[in-house]
Every structure is written in structure tokens, then in C-alpha cells.
Amino acid sequence: MTLRLSVIGTGYLGATHAACMSSLGFEVVGIDTDPAKVALLSQGKVPFYEPELEDLLAKEIASGRLTFTTDINAVADCDVHFICVGTPQKAGSLAADLTYVDASLDAVARVTKKGALVVGKSTVPVGTAARLRARLQDINPDADLAWNPEFLREGFAVDDTLRPNRLVVGVTSDAAENILKEVYASNLKDGTPWVRADLPTAELVKVAANSFLATKISFINAMAEICEAAGGDVTVLAQAIGYDPRIGNRFLQAGIGFGGGCLPKDIRAFMARAQELGADQALEFLREIDSINLRARQRVIELVRKDLGEDLKGKRVAVLGAAFKPDSDDVRDSPALDIAAQIHAAGAQVVIFDPKANESAAKRFPALTYASSSEECLKSADIVLHLTEWKQFRDLDPVKLKGLVKNPIIIDGRNALNRESWKAAGWHFRALGRADN
Ligand code: UGA
């Protein structure tokens, strides 16, 4: 008999997981405490921008296999429950806030049938799974808990969920592993690597992976600082070291650094947990990774001051991009929006255009001005900042745009524009980590 699945928490991870599992033929019920979100999802609408997800969701809702509700009792008959709620950074601390994970576990534990498997997917501090497993079995001795971290990237969420590059399952029994093998049978058939681990290792794989990615980005941004000081070019340097397969060329794009709902808070929560474990020295380097990352934002602001002078009052600054990365409307800890807000706070008139994130950015920073096109954004600008590398920005015509601005100065905060064509069109072109800043 086909397994019945529940997905608790229908944010990025949960909504995508629910739709993808349904597309594999499972009956899936998605639970969220937010009635507005449940209402939207039930109509096949996604409350955030993620390519491919809305089409898939609408299709799965229409199939009748996928439903959403706020009523936790609806999961009572499910065989497997995926916990996909958020673990944001706690206010005033580096640690993760586990309120939602704890509440979801309790809610599921109370209603689930005997023999069900609860599977954590949220990113949690190591040790959480064992604690939750004990709590689950206190309430419901016949249920078991496994940990199955998620590695999806925003912008590629559907593809990453349906075709993950590995599946990691933290389990304490063969029975739990076998249930997960049934859930992921199609991936196993396709040859997706399967890693069985204990609970703490499975939790650690996730934060270790994100810490490694953050380290790669901050490494190249540190090299960018050195290139600027020494007159080198970080894009050439990245290309050259990337040919060594031990290093690899991905995640070596120097610029304003990493943001989003995962990397920044994950490395901080990891440091906080290491301290609790008495192993803080092991992750001391992540503090530096965080500082390098935040410093990149200041370097853009310094470049703006270099061109416009210390006093930014009244200057018109055009900002292309607000999302933390392209193909997303997510502005959580977005380097682009942070730079825009800081320049605004310094007295400049900041005009932003992002193809998808204007609305989410305006919710966070209503005082900034939002334009509905690149052209409108650039009108009469004293300087242009390219801060999120949407494809449509790479396709802009520097010749045409030059006629719109007051000063043809552009800072490429993502090293993604074609410097030669901007320069040939008469722009003063600056970029992080490249000579002639
Ligand atoms: C990240 C991980 O890549 C996923 O594997 C993980 O599942 C996810 O976090 C999570 O924990 O849920 P995501 O936050 O979607 O995914 O974004 P990334 O593609 O990793 O990019 C993160 C940030 O790094 C972005 O702000 C991006 O602009 C920046 N970045 C990335 C660089 O500055 N340079 C690069 O070379 C690559």
C-alpha cells in the first residue's frame, strides 16, 4: 500500500517537499499554523517565488493527492511525518530558535498512529534529534524518529528535491531506514547516493555542508580584498584555482557575499552549539567567515563614498537587485538589501529594482523607493550598484542606459557583468576584487 505522508511546516522546504512527494504518487497532507498560507497553497498558489513550484503545486492539488490544512488531526493516519518548520536565529543570540520544531514534534506525537515514523528535515543543532526522539517515545512509545537533512537551494528547489545529489538518513533502526527507502525508492532506482548515519552525524552533515559553502565564499572574498590591495583580479584568480579539481570552480564567485535564510544563521547556530559542547575552538574560524562576509558589504559602501564623497545626502543611488540571490524573492539577510538600507540611512535617495523581490523588500524597508524597471531605477542616478545577479541585468545594454543616468558609474557587487562592454560604452566600472577600484 502506498505510504501516506504528512509535511509539518509549509515554508520553502515544506511546500516544495509536499508538492514533490505528491508528484511521486504519495498522498500528502501539508500542515501549517498560518491559515492564510494554507488557503493560498490549497488554491495551488505559492506565497513566495520559486521557479517551477507553482505549476507543480497546482497540478498536485488538482490530482487530489495533495491537501493543506491547519488541523493537525488530519495527519493521524499518516505513516511518515516530515518536520519542515523553520529554525531561525534567536533574537539577541547566535543560537537557533527551536520553538517551532519542538511544538511540531509535540503536536504530531499526540495524534500520530502507532508505528509511524517522524522524520526531521529542519536544520537543527546537533543533539536535537536524540532529544526529540526521547520526547516522541515518551508520548508515543510505538513511534520512531529519523533525521533526513535537506540540501535544496532556493531557485532550484523542485529539481533539488526530486533529483538530490545525495540522500542522508540518520536512523537508529533498520525499520526506520527501510521506511525511508520506500519514500525515496525512485531516487534509489536512479542511483542517488544513500548515506546511512546515526542521528548526530545526520544533523551535522547539514551544518557542515553549509559551513563549507560559506567558507568557500568567504575565502574568495578574502582573496578579493587582497587583490584590491595588490592590484590583482579575483575573477581571474578564481578561474585559475578552480581548474584544480580538488578546489573546483563553483561557489568561488567573489562579491558582496552570502545571505538568505540558511548560510548566515546556520554558521552562527553551529558556533553556538559548539560552545555548548565545549568544542568552540574547532569552529572559531567560522567567526572569521562571518566577518569577511559582512565586510564585503562595507567595501561596496566605501566604493560609493570614493565616487560620491563622504556625504551621501541627496545623492541618487540606483540599486539593481534586492533578493539574496537571483531567481528568488527572498530578502532574508540579503546583502543587497542591507547595503541599500545602509546607504539610505546615510542620507542618500535609494531607488531599487528587483525583478521579483520588490514586494518582499518593501515590506522590510518601506522607506526605500522601488522602481518597476531597470530603466526607471537608473533614471538620473549618481551611481548604479549591481547587487543581485539576475540574468536580465546581465542582458542590459550599457549604451542605452548611459543616456539615463546622471553619472555613468557602476559598481558590480557580484562580478557578473561584462566589464569590457560597460567600459566600452563609457561607464566608469568598479567591481569588488578587481584592479582599478
Ligand atoms: C543554501 C545551500 O546551498 C543549500 O544546499 C542548503 O540546502 C540551503 O542553503 C539550506 O540550508 O536550506 P541557499 O540559501 O538557497 O542554499 O543559497 P545558495 O545558493 O547556497 O547561496 C547562498 C548565498 O551565497 C547567496 O547570497 C549567494 O549570492 C551567495 N554566493 C553563492 C556567493 O556570494 N558566491 C558564490 O560563489 C555562491
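Calculation rules
Residues numbered from 1 in each chain as written. Predicted model: local features only at pLDDT ≥ 70, side-chain atom pairs only at ≥ 80, totals over all residues. Heavy atoms only, no water. UniProt positions renumbered as here; feature names shortened; annotations may be inferred. Helix = DSSP H or I, 4+ residues; strand = E, 2+ residues; numbered from the N terminus. Salt bridge = Lys/Arg side-chain N within 4 Å of Asp/Glu carboxyl O. Buried < 20%, exposed > 50% of the residue type's maximum accessible area, 1.4 Å probe, protein only. Pairing = 2+ DSSP bridges. Core = buried A, V, L, I, M, F, W, Y, C linked by side-chain atoms within 4.5 Å. Contact = heavy atoms within 4.5 Å. Near = heavy atom within 4 Å. Polar contact = N/O pair within 3.5 Å; in protein donor to acceptor, adjacent residues only side chain to side chain. Areas by Shrake-Rupley, 256 points an atom, 1.4 Å probe, with all protein chains shown as cover. Nonpolar A, V, L, I, M, F, W, Y, C, P; charged D, E, K, R; others polar. Domains from an automatic or database assignment. Right-handed = clockwise from strand over helix to strand, strands pointing away.

You'll find the protein chain entered in an unreviewed UniProt entry as UDP-glucose 6-dehydrogenase, with freshwater metagenome given as the organism. Entered under Catalytic activity (unreviewed entry) in the UniProt record, the comment concerning the protein chain runs "UDP-alpha-D-glucose + 2 NAD(+) + H2O = UDP-alpha-D-glucuronate + 2 NADH + 3 H(+)".

Draft legend 1. Representation of the UniProt feature "domain: UDP-glucose/GDP-mannose dehydrogenase C-terminal" (unreviewed entry) in the protein chain in the model. Taking the UniProt record as the reference, the feature "domain: UDP-glucose/GDP-mannose dehydrogenase C-terminal" (unreviewed entry) is found at residues 318–419. Secondary structure over residues 318–419 splits into 32% helix and 18% strand, and the C-alpha atoms at its two ends are 18 Å apart.

Draft legend 2. A look at the pattern of salt bridges. What the rule picks out here adds up to 36 salt bridges. Of the charged contacts in the structure, one is a salt bridge between Arg-332 and Glu-154, with a shortest N-O distance of 3.2 Å. Taken together, the residues span a long stretch of sequence, with Arg-332 in the loop between strand S9 (316–320) and helix H13 (335–345) and Glu-154 in the loop between strand S6 (144–147) and helix H6 (157–162) at a distance of 178 residues. Exposure remark for Arg-332: the relative accessible area of 35% places this residue in the partly exposed category. Glu-154 gets classed as buried once you look at its relative accessible area, which sits at 8%. Here Asp-290 makes a salt bridge to Arg-268, at a shortest N to O gap of 2.8 Å. Of this pair, Asp-290 sits in helix H12 (residues 284–308) while Arg-268 is found in helix H11 (residues 263–276), placing the two residues 22 residues apart along the sequence. When sorted by exposure, Asp-290 lands in the same class as Arg-268, which is buried. Salt bridges here are not isolated pairs; linked through shared partners, they connect Arg-268, Asp-290, Arg-297, Asp-333 and Asp-338.

Draft legend 3. View of the pairing of strand S4 (residues 80–83). On S4, burial covers both faces: Val-80 and Phe-82 on one face and His-81 and Ile-83 on the other are all buried. Of the strand pairs in this sheet, strand S1 (residues 4–8) and S4 are connected by 4 bridges, and their pairing is parallel. Residue pairing for S4: Ser-6 is matched across the bridge by His-81. Of the pairings in the sheet, the one linking S4 to strand S5 (residues 117–120) comprises 4 bridges and is parallel in character.

Draft legend 4. Quick peek at the nonpolar core. In this structure, Leu-5, Val-28, Phe-82, Leu-180, Val-183 and Tyr-184 are the most contacted members of the largest nonpolar core, which totals 38 residues. Among the elements that take part in this core, helix H1 (residues 12–23) stands out by supplying 7 residues, more than any other. Among all residues touching Phe-82, those that are not within four sequence positions of it are Leu-5, Ser-6, Val-7, Ile-8, His-17, Val-119, Lys-121, Asn-148, Val-183 and Tyr-184.

Draft legend 5. Structural detail: the site of the ligand. In the vicinity of the ligand lie 21 residues, with Leu-152, Glu-154, Lys-206, Asn-210 and Phe-324 positioned nearest. Measuring from an oxygen atom of the ligand, one finds a side-chain N or O atom of Lys-206 at 2.8 Å. The separation between an oxygen atom of the ligand and a polar main-chain atom of Leu-252 is 3.3 Å. Protein contact buries 90% of the 710 Å² of open area that the ligand shows by itself. Going through the elements one at a time, helix H9 (199–230) and H11 are the ones with two or more residues in the shell around the ligand. In the shell around the ligand, the residues fall into 10 nonpolar, 4 polar and 7 charged. Looking at which domains feed residues into the shell around the ligand, each of domain 1 (2–194) and domain 2 (241–429) gives three or more.

Draft legend 6. Quick look at the pairing of S9. With 5 of 5 residues buried, S9 lies mostly within the body of the structure. The alternating pattern of S9 places Arg-316, Ala-318 and Leu-320 and Val-317 and Val-319 on opposite faces, both of which are buried. As defined by bridge partners, S9 adjoins strand S10 (residues 349–353) across 5 bridges and the pair is classed as parallel. Looking at S10, one finds that Arg-316 is bridged to Gln-349. Between the parallel pair S9 and S10, the chain is carried across by H13, and the sense of this crossover is right-handed. Note: S9 against strand S12 (residues 383–386), 4 bridges, orientation parallel. Looking across to S12, one finds that Val-317 is bridged to Ile-383.

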